[in-house]
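A closer look at the structure
Given next are the chains, with one letter for each unit.
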Amino acid sequence: MSFSVEAAAVAIVALALPVVLGGAESGPAKPVALTAERRAEVLKEIAKDRADTEEWLESDISSYLATVDRRDFEQRTTLTVGRAADNDIRIDDDAFSPHHLRVTVEGDEFRVEAVDQAAQFAVDKKDVRSAVVKPSAIGVGRFQLRLSHQRYPAIIVFDPQSPVSRNTRG
């Protein structure tokens with residue numbers, strides 16, 4: 001008697017299925033019983049995680065509550081950032097010159113250049129006028145500009161003093 005590969009695979013699955021499902025015929029899993037001590041530990045862990053998350057949301061510059069703009073490069077390779085209305089990303093704040101930055105996608109990196117004479121930006125807490133950086137964040141005043149390469153290249157602007165971020169602090 002000979003078996004085809006397909007027939008052998010079906011036979012193996014048919015024999016293994018009850019083992020893999022083991023007890024599925026007895027119904028859904030029951031809730032886990034915790035001792036009072038373990039229950040208190042779990043509740044404490046949940047409360048700490050919640051407090052840490054709230055702290056991050058309220059105080060971290062990269063909290064999504066501090067996000068004030070996002071611009072995808074789409075089919076373009078260069079975006080401009082500044083106070084003037086003709087920029088791709090307009091940030092009406094004194095930290096920005098009218099034409100502050102030009103950001104160009106170069107493969108998996110970003111070329112960032114200050115445009116106006118007085119413009120600069122921070123990379124690793126160091127003020128510069130030009131840099132080629134991997135996806136990361138650069139700073140301009142209190143703002144953080146994340147140069148993102150997730151899915152599509154984009155610039156995401158964070159402002160720790162954004163109204164949404166401030167309103168959560170009560």
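Residues numbered from 1 in each chain as written. Predicted model: local features only at pLDDT ≥ 70, side-chain atom pairs only at ≥ 80, totals over all residues. Heavy atoms only, no water.

1. Things to note about the overall build of the protein chain
- The helix and strand tally for the protein chain stands at three helices and 11 strands.
- Shown N-terminal to C-terminal, the secondary structure of the protein chain runs as helices and strands in the order α-α-β-β-β-β-β-β-β-β-β-β-β-α.
- Evaluated residue by residue, the protein chain yields a buried proportion of 28% over its 170 residues. (Helix = DSSP H or I, 4+ residues; strand = E, 2+ residues; numbered from the N terminus. Buried < 20%, exposed > 50% of the residue type's maximum accessible area, 1.4 Å probe, protein only.)

2. Topic: the sheet that holds strand β8 (residues 130-133)
- With mixed pairing, five strands are arranged side by side in an open sheet as β3-β2-β4-β5-β8. Each edge of the open sheet is held by one strand with a lone partner, namely β3 (89-90) and β8.
- With four bridges connecting them, strand β2 (residues 78-82) and strand β4 (residues 101-106) associate as antiparallel partners. Of the residues in β4, the one forming a bridge with Val 81 is Leu 101. (Pairing = 2+ DSSP bridges.)

3. Here's the deal with the side chain of Asp 88
- Structurally, Asp 88 can be placed in the loop between β2 and β3.
- There is a polar contact of 2.8 Å between the side chain of Asp 88 and the backbone nitrogen of Thr 80. (Polar contact = N/O pair within 3.5 Å; in protein donor to acceptor, adjacent residues only side chain to side chain.)

4. Focus: the pairing of strand β9 (residues 136-140)
- Across five bridges, the pairing between β9 and strand β10 (residues 143-148) is antiparallel. What sits directly across from Ala 137, in β10, is Arg 146.
- The loop that links β9 with its antiparallel partner β10 comprises two residues; one of these, Gly 141, has a positive phi angle of about 60 degrees.

5. Digging into the pattern of salt bridges
- Under the definition given, this model contains 11 salt bridges.
- Between Asp 93 and Arg 142 there is a salt bridge; the shortest N-O distance is 3.1 Å. Residue Asp 93 is found in the loop between β3 and β4, and its partner Arg 142 is found in the loop between β9 and β10; the two are separated by 49 residues along the sequence.
- Under the relative-accessibility criterion, Arg 142 is labelled partly exposed at 31%.
- Between Glu 113 and Arg 102 there is a salt bridge, and its shortest N-O distance comes to 3.4 Å. (Salt bridge = Lys/Arg side-chain N within 4 Å of Asp/Glu carboxyl O.)

6. Topic: the nonpolar core
- Counting 22 residues, the largest nonpolar core has Leu 101, Val 112, Leu 145 and Ile 155 as its most contacted members.
- Those elements giving two or more residues to this core turn out to be β2, β4, β5 (109-114), β6 (121-123), β8, β9, β10 and β11 (154-158).
- Setting aside anything within four residues of it in sequence, one finds Val 112 in contact with Leu 101, Arg 102, Val 103, Phe 121, Arg 129, Ser 130, Ala 131, Val 133, Ile 138 and Leu 147. (Core = buried A, V, L, I, M, F, W, Y, C linked by side-chain atoms within 4.5 Å. Contact = heavy atoms within 4.5 Å.)

7. Quick word on the environment of Ser 97
- With respect to the helices and strands, Ser 97 occurs in the loop between β3 and β4.
- By relative accessible area, which is 11% here, Ser 97 ends up buried.
- Sequence separation between Ser 97 and Ala 119 is 22 residues; the distance between their C-alpha atoms is 6.1 Å.

8. Some thoughts on unusual backbone geometry
- Here the phi dihedral of Asp 124 falls at roughly 50 degrees; this positive angle occurs in a residue that is not glycine.
- Within the secondary structure, Asp 124 is located in the loop between β6 and β7 (126-128).

9. Here's the deal with the pairing of β10
- Counting buried residues along β10, five of its six residues qualify, which places the element largely inside the surrounding structure.
- Summarising the sheet, β10 and β11 pair through five bridges and their orientation is antiparallel. Note that in β11 the partner of Leu 147 across the bridge is Ile 155.
- Between the antiparallel neighbours β10 and β11 lie five residues, among them Arg 151 with a positive phi of about 65 degrees.

10. Structural notes on the packing of aromatic side chains
- In the structure shown here, the tally under the stated rule is two aromatic pairs.
- Ring geometry for Phe 73 versus Phe 110: centroids 6.1 Å apart, planes at 45 degrees, classification tilted. Taken together, the residues span a long stretch of sequence, with Phe 73 in the loop between β1 (67-72) and β2 and Phe 110 in strand β5 at a distance of 37 residues. The same class applies to Phe 73 as to Phe 110, namely buried.
- Ring centres of Phe 96 and Phe 143 lie 5.4 Å apart, and the angle between their planes is 70 degrees; this geometry places the pair in the edge-to-face category. (Phe/Tyr/Trp six-rings, centres within 6.5 Å; stacked < 30°, edge-to-face > 60°.)

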